[in-house]
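Here are the chains, one letter per residue:
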Amino acid sequence: MVESSDPAWLVLDGYEDEPAAFGVPPYVGFHVRYVCGVLENANLPYRYVTVDQWRQWKKNDPAHVRALLGRSLGVVCVAGAVVPGKYLRGTPISLNETQHLLRDLPVGLPALLGGWAIRGWKQQGWTPLRPNLFLAVQDTDATLHHFLERGEWKHQRRTAEQWTAWAQAGALSKAVSDHPDLGSETQPGPLTYEVEVYQGCVRYKRGCKFCIEPKKGVPIWRTPEDIIEEVRLAHDAGVHHVRLGGMTDTYTYMAEGVRELEYPVPNPEPIARLLHGLREDERLGILHTDNGNPSIIAENLEPSEAITKTLVETLSDGAVLSFGLESADPSVHEANWLNCDPAQLKTAIRLINKYGKVRGERGLPKLLPGLNFIAGLNGETEATYGMNMALLRDIRSEGLLLRRINIRQVEGEGFQAIPTEAFTAFKTACRDEIDKPLLEELFPLGHVIRDVHWESHDGRTRLPVHETELHRTPGVHGKAGITFGRQIGAYPILVGVEYKIPLESQSNVMITGHGARSITGVEVGLDPLTVTEKQLEAIPGIGKKSAWNLVAERAKLLSKSKDFSLEDWFGRAGVPPNDAIWHIFG
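The following refers to the structure shown. (Residues numbered from 1 in each chain as written. Predicted model: local features only at pLDDT ≥ 70, side-chain atom pairs only at ≥ 80, totals over all residues. Heavy atoms only, no water.)

## A word on the overall build of the chain
Condition: Only runs of H or I of at least four residues qualify as helices and only runs of E of at least two qualify as strands under DSSP, and these elements are numbered from the N terminus. When we talk radius of gyration, it's over C-alpha atoms, and the globule rule is simply 2.2 Å times the number of residues to the 0.38. Each residue is placed in one exposure class: buried if its accessible area under a 1.4 Å probe, protein chains only, is under 20% of its type's maximum, exposed if it is over 50%, and partly exposed if it falls in between. Between two residues, a contact is recorded if the distance between any of their heavy atoms is within 4.5 Å. Neither His nor the chain ends contribute to the count of charged residues, in which Lys and Arg are positive and Asp and Glu negative. Where a charge sits is defined by one atom per residue type, namely NZ (Lys), CZ (Arg), CG (Asp) or CD (Glu).
Of the regular secondary structure elements, the chain holds 21 helices and 21 strands. For the chain, whose C-alpha radius of gyration is 25 Å, the value lies close to the compact-globule estimate of 25 Å for 586 residues. Considering only C-alpha atoms, the chain reaches an extent of 80 × 60 × 50 Å along its principal axes. Within the chain, buried positions represent 56% of all 586 residues. Counting only contacts in the chain whose residues sit at least 6 apart along the sequence, the fraction spanning at least 24 positions is 74%. In the chain, 63 positive and 74 negative side-chain charges are present, and the distance between their average locations comes to 4 Å.

This is the structure we're talking about:
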C-alpha cells in the first residue's frame, strides 16, 4: 500500500486492451505511461496504482482507500478494454467499477477518465454527472496537460513534440517503477513494455467498420530513433521485455503511398533500422510484435519477404503476427469492409511459414501467423461458418502452421444475432480438427520449452493470495497441487504441471500431454536426491505406486551409502527407466 500522506494525483491503471494496444498485466500500456509522463514533466506528485491493487485495497482496507482519495489532488483513470476477453494475470476495470470509483470521489475533486472503453461507454449513453469530471474522447494525456496549464477541461490531441516528451518521461515513471510485475534485480518479473510505434491504420478511408483504429485517421509514425531512445530509458528503469504495439500492421510502418494506394507498399528499411537498433541493447530480453495485414503482404510480396526475414532475425521465438481475416464469407467481407480475402490470407500465411517455422532458443517457432474470426458481423448466415471451416481445412491440408485461432463473439448496436447452432458447431470443429492437431505439432511430446514463468496455483487465473510468500517460497516446490505458467511474450501457451512450483520463478519444461488449448509438462533438471513423490508422479512412465517405491528405495540407499546412481535407484525400485527419465534428471 502507498503509505505517503502527502497530497498527490492518483493515476489508476484500468488497463487497456485495444486492437493495436495491450496493457493488461504482464503488459504495461503506453497511454497510462503518457499520463504519468505529463505529471513527471510538470513536476507534480502522483501515485500509480493498478486496478487489481485498487480492488484489493477496497476489499481489505476501505479506510485506506478513503484516506487515499481524501488526500488526492485529482484522479486520472485509463480504461481501454474495447473487446471482451479472458485474462489470466489481471482484469480491466468494468463500467460498474468505474461508477463506484466516481461515487467514492470527494465532491469537486478533479477527475479525468480516458481510454477507448470510456469513449465506448459514452457513445452508449453513459453520462455520469458530478462536478469537475471530464470524459476524454481524444488524448487523455494532452487533455490532462491542458487542464494543468489552463485550469479547464477541453478535448485535446498531443503534438509530435509532446508525444516524444511524454513517452520518454513515461518510460522512467511510476507506471514502470511501481508496477507489480517489474520484479527486482535479483528476481525480475514478467513485465512487458508495450511501446507505441505508430497511430492509425492505412485503411483509414475504408477500414473495417467495427474497428476503432481507422477512426484515428491517417497513420502518424514515430521514428525508429525516437522509439529506440524510449526503450533505452525503459531499460534504465528495469524493463527487460518489449512488444512493438500501436501498429495495426507491422508491414506498413512508414509504408509508401498511404494516402494514394489501396495497398500501400511496405518499406523494409525503417522497420529493419528499428528492430536491429533495439537488439543492439544487451538488456533487451523478449522482443515481439503483433498485427499484420495479409492483404498488404499478399499484394506486395517482395518487400514483405524482406520484412519477414528481418522479423525472424530479430524477434524472440514465439512471435505471432495476428491476421484479422474475421470471416471467410465474401458477403461479410463486403458488408464490413474487411481487410483481406481468403486467397490473400493463404498467400500471407505461406510467406510467414516459409521463414518463421524454424525453432529458436526457447524451443518455439520463430514467427507464425495467428488468425482472428469474429461472429456477429453484418451479413453472416449459417453458411458463413461452413466457409470459415473450409478455409481452415484448406490451410491445414497444405501443412501450414497457425499459432492461434481466436474466435470472438460481438453483439449490440451495429452487429447482428449469431446463429447459435452453426456458431457452436464451427467452434467445436475448429478446436477438435484444427487446434488440437496444431497443438500436438507445435508442442510435440518430449519437446522442451524454456523459461516458463509460473503464475498461479490450482487454477488458471492468478489470485491475490498467489502474491503471498506462502506461494512463492522455495519450500513449496514439489508439494501436491497444480502450477500454471506461460512463457513471456505474445499469446503464450498455457502450461500446467501437476505439482507446485514457487510462483514468479522460471523453469524449463518437457511436454508430457495436451489439453484443449494448453499443455502439461514436467520440469527438466530435477535433482534425484530431492525430487518429491508428486514430481516423480508427473514423469511419463511413473505412476503413483512407482513414485512411492522410488521415494522409499531412495531413503534406503542414502541411509546405507553416499554412492547414488539413477540406474541402481530405479532398478532397486523395480521401475523400468525410459528416455524421458534420463532427460528430466540429466
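Continuing now.
## Remarks on the sheet that holds strand 21 (residues 518-523)
Inclusion rule: Strand pairing is assigned whenever DSSP detects at least two bridges linking the two strands. All axes here are fitted lines through C-alpha atoms, helices being fitted over the stretch that makes contact, and every angle between N-to-C directions spans 0 to 180 degrees.
The mixed closed barrel is built from 5 strands, whose spatial order is 17-18-19-21-20. Within the sheet, the average angular offset between the axes of one strand and its neighbour, ignoring direction, is 55°. In this sheet, strand 21 lies alongside strand 19 (residues 494-497) in parallel orientation, the contact comprising 4 bridges. Within strand 21, the position partnered with Val 497 by the bridge is Gly 521.

## Quick look at the pattern of salt bridges
Short version of the rule: By definition, a salt bridge exists where a carboxyl oxygen of Asp or Glu is found within 4 Å of a side-chain nitrogen of Lys or Arg.
One pass over the full model with this rule turns up 33 salt bridges. Close ionic contact of Arg 232 with Glu 229 constitutes a salt bridge, the shortest N to O distance being 2.7 Å. Of this pair, Arg 232 and Glu 229 both sit in helix 9 (residues 224-236), 3 residues apart, roughly one helical turn. Note that Arg 572 is salt-bridged to Asp 568, the shortest N-O span being 3.0 Å. In this pair, Arg 572 and Asp 568 are both assigned in helix 20 (residues 566-573), 4 residues apart and thus about one turn of the helix distant.

## As for the environment of Pro 369
Here Pro 369 is to be found in strand 15 (residues 367-375). Of the residues examined, Pro 369 reaches a relative accessible area of 0% and is grouped as buried. Counting along the chain gives 340 residues from Pro 369 to Gly 29, while the straight-line C-alpha distance between them is 23 Å. The contact partners of Pro 369, leaving out residues within four places of it in the chain, are Val 320, Leu 321, Phe 323, Ile 349, Ile 352, Asn 353, Leu 401, Leu 402, Arg 403 and Arg 404.

## With respect to helix 19 (residues 544-560)
Note the cut-off: Multiply 1.5 Å by the residue count of a helix minus one, and that product is the helix's expected span. Here the arc refers to the directions that run from the helix axis out to each C-beta atom.
With 17 residues, helix 19 extends 25 Å from end C-alpha to end C-alpha; this agrees with the ideal 24 Å at 1.5 Å per step. Of the residues making up helix 19, those classed as buried are Ala 547, Leu 550, Glu 553, Arg 554 and Leu 557. The buried residues of helix 19 all sit within an arc of 135° when viewed along its axis, so they share a single face. The outward face of helix 19, more than 90 degrees from its buried face, is lined by the exposed residues Lys 544, Lys 545, Trp 548, Ser 559 and Lys 560. On the buried face of helix 19, the contacting elements are helix 18 (533-537) and helix 20.

## Looking at helix 20
Listing the buried residues of helix 20 in full gives Leu 566, Trp 569, Phe 570 and Ala 573. Across the axial projection of helix 20, the buried residues extend over an arc of 90°, all falling on one side. Pointing more than 90 degrees away from the buried face of helix 20 are the exposed residues Glu 567 and Gly 571. Against helix 18, helix 19 and helix 21 (579-585) lie the buried residues of helix 20. Positive phi shows up at Gly 574, right after helix 20, with a value of about 75°.

## Some details on the side chain of Ser 72
Rules: Between N or O atoms, a polar contact is any pair within 3.5 Å; within protein, one atom must be a potential hydrogen donor and the other a potential acceptor, and residues adjacent in sequence are included only when both atoms are from side chains.
Relative to the helices and strands, Ser 72 resides in strand 5 (residues 72-81). Taking the relative accessible area as the measure of exposure, Ser 72 reaches 8% and is therefore buried. At a separation of 2.8 Å, a polar atom in the side chain of Ser 72 contacts the main-chain carbonyl oxygen of Leu 68. Setting aside its immediate chain neighbours within four residues, Ser 72 contacts Ala 8, Leu 10 and Leu 109.

## Focus on the environment of Arg 89
Here Arg 89 is to be found in the loop between strand 5 and helix 4 (95-104). Arg 89 gets classed as buried once you look at its relative accessible area, which sits at 3%. Measuring from C-alpha to C-alpha, the distance between Arg 89 and Pro 25 comes to 5.7 Å, with 64 residues separating the pair along the chain. Apart from the residues within four sequence positions on either side, Arg 89 is in contact with Pro 25, Pro 26, Asp 52, Asp 181, Pro 190, His 453, Glu 455, Arg 462, Arg 486 and Glu 504. A polar contact is formed between the side chain of Arg 89 and the side chain of Glu 455, at a distance of 2.9 Å. At a separation of 3.0 Å, a polar atom in the side chain of Arg 89 contacts the side chain of Glu 504.

## Things to note about the nonpolar core
Defined as follows: Here, nonpolar core refers to any group of buried Ala, Val, Leu, Ile, Met, Phe, Trp, Tyr and Cys residues whose side-chain atoms link them within 4.5 Å.
Judged by nonpolar contacts, the single largest core of 127 residues is most densely connected at Leu 244, Leu 392 and Phe 585. Among the elements that line this core, the one with the most residues is helix 16 (residues 420-442), at 9 residues. Not counting residues within four places of it along the chain, the set of residues in contact with Phe 585 comprises Leu 526, Asp 527, Pro 528, Val 531, Leu 536, Ile 539, Leu 566, Trp 569 and Phe 570. Grouped together as the second largest cluster of nonpolar side chains are 28 residues, Leu 68, Ala 111, Trp 126 and Leu 133 included.

## Focus on the packing of aromatic side chains
Our working definition: In this analysis, rings of Phe, Tyr and Trp, with Trp reduced to its six-membered ring, are considered paired at centre separations within 6.5 Å, and the interplanar angle assigns stacked below 30 degrees, edge-to-face beyond 60, and tilted for intermediate values. Counting as a charge over the ring demands two things of the Lys NZ or Arg CZ atom: a distance within 6 Å of the ring centre and an angle within 35 degrees of the ring normal.
Under the defined criterion, the tally for this structure stands at 18 aromatic pairs. Ring geometry for Trp 54 and Trp 57: centres 6.4 Å apart, planes at 50°, overall tilted. Linking Trp 54 with Trp 57, this pair stays in helix 2 (residues 51-60), spanning 3 residues, or about one helical turn. Accessibility expressed as a relative area gives 8% for Trp 57, which makes it buried. Judged by centre distance (5.2 Å) and plane angle (65°), the ring pair of Trp 569 and Phe 570 falls under edge-to-face. When its relative accessible area of 0% is taken as the criterion, Trp 569 is described as buried. Assessed through its relative accessible area of 1%, Phe 570 is described here as buried. In textbook terms, an aromatic cluster arises when at least three aromatic residues are bridged by ring pairs, as seen for Phe 564, Trp 569, Phe 570, Trp 582 and Phe 585. Over the face of the ring belonging to Tyr 193 we find Arg 33, whose NZ or CZ atom lies 3.6 Å from the ring centre. One cation-aromatic arrangement involves Arg 243 over Tyr 27; the distance from NZ or CZ to the ring centre is 5.4 Å.

## Overview of the packing of helix 1 (residues 30-41) against helix 6 (residues 140-150)
The angle between the axes and the distance between the axes are what describe a pair of packed helices. This is how it is decided: Any angle that is under 35 degrees is reported as roughly parallel, and any over 145 degrees as roughly antiparallel; angles of 65 to 115 degrees are reported as roughly perpendicular and all others as oblique. Crossings are sorted by hand: turned counterclockwise from the far helix by less than a right angle, the near helix makes the crossing left-handed, and turned clockwise it makes it right-handed. Under the convention adopted here, Pro, Cys and the residues Ala, Val, Leu, Ile, Met, Phe, Trp and Tyr are nonpolar, Asp, Glu, Lys and Arg are charged, and Gly plus all remaining residues are polar.
Running from N to C, helix 1 and helix 6 point in directions that differ by 25°, and their axes come no closer than 8 Å. The orientation of helix 1 relative to helix 6 falls into the category roughly parallel. By crossing handedness, the relation of helix 1 to helix 6 is classed as right-handed. Between helix 1, through Tyr 34, Val 35, Val 38 and Leu 39, and helix 6, the contact on the second element is made entirely by Thr 140, Asp 141, Leu 144, His 145 and Leu 148. Tallied by class, the residues present in the contact of helix 1 with helix 6 amount to 6 nonpolar, 2 polar and 1 charged.

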